[in-house]
Amino acid sequence: MDIREVKTNLNTVVRYNGVDYMFQGCTILKNTATNEIYYQAELADLKARSVLITKLSDVKKIMKD
């Protein structure tokens, strides 16, 4: 997923590693040593009642029918 797609995909079902999750949020972070900016996605597991944090670029939006 791209940062431009975050707002439209909040609180929707997305896919990460072939598993569906609820996309709950996005965090922007900066590495102070390299000044690199990166984004993390907060995904809620639909079955296990847990939260997963991963790279936003690894999250795929699910195409609507």
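Attention in this report is confined to the structure presented alongside it.

Calculation criteria
Residues numbered from 1 in each chain as written. Predicted model: local features only at pLDDT ≥ 70, side-chain atom pairs only at ≥ 80, totals over all residues. Heavy atoms only, no water. Core = buried A, V, L, I, M, F, W, Y, C linked by side-chain atoms within 4.5 Å. Buried < 20%, exposed > 50% of the residue type's maximum accessible area, 1.4 Å probe, protein only. Contact = heavy atoms within 4.5 Å. Pairing = 2+ DSSP bridges. Helix = DSSP H or I, 4+ residues; strand = E, 2+ residues; numbered from the N terminus. Polar contact = N/O pair within 3.5 Å; in protein donor to acceptor, adjacent residues only side chain to side chain.

1. Side note on the nonpolar core
And step 1. If you look at the biggest cluster of nonpolar residues, it comprises ten residues: Met1, Val6, Val14, Tyr16, Tyr21, Phe23, Ala41, Leu43, Leu56 and Val59.
And step 2. Setting aside anything within four residues of it in sequence, one finds Met1 in contact with Val6, Asn9, Val14, Phe23, Leu56, Ser57, Val59 and Lys61.

2. What about the sheet that holds strand β3 (residues 36-45)?
The strands that make up a sheet pair up through hydrogen bonds in the backbone, lying either parallel or antiparallel.
And step 1. With respect to topology, five strands assemble into an open sheet ordered β4-β3-β2-β1-β5, the strand pairing being antiparallel. If you trace the sheet from one side to the other, it starts and ends with β4 (51-55) and β5 (60-61), each paired once.
And step 2. For strand β1 (residues 13-16) and β5, the ladder comprises two bridges, and the chain directions are antiparallel. Paired with Val14 across the two strands is Lys61, which belongs to β5.

3. Here we look at the side chain of Thr12
And step 1. Inspection of the secondary structure puts Thr12 in the loop between α1 (6-9) and β1.
And step 2. Polar side-chain contacts of Thr12 include one of 2.5 Å to the backbone oxygen of Asn9.
And step 3. Setting aside its immediate chain neighbours within four residues, Thr12 contacts Tyr21, Met22 and Phe23.

4. What about the pairing of β3?
And step 1. Here ten bridges tie strand β2 (residues 19-31) to β3, and the two strands are oriented antiparallel to one another. Bridge pairing in β3 links Tyr21 to Asp45.
And step 2. Between β2 and β3, which pair antiparallel and follow one another directly, the connecting turn spans four residues, one of which, Asn35, has a positive phi of 60°.

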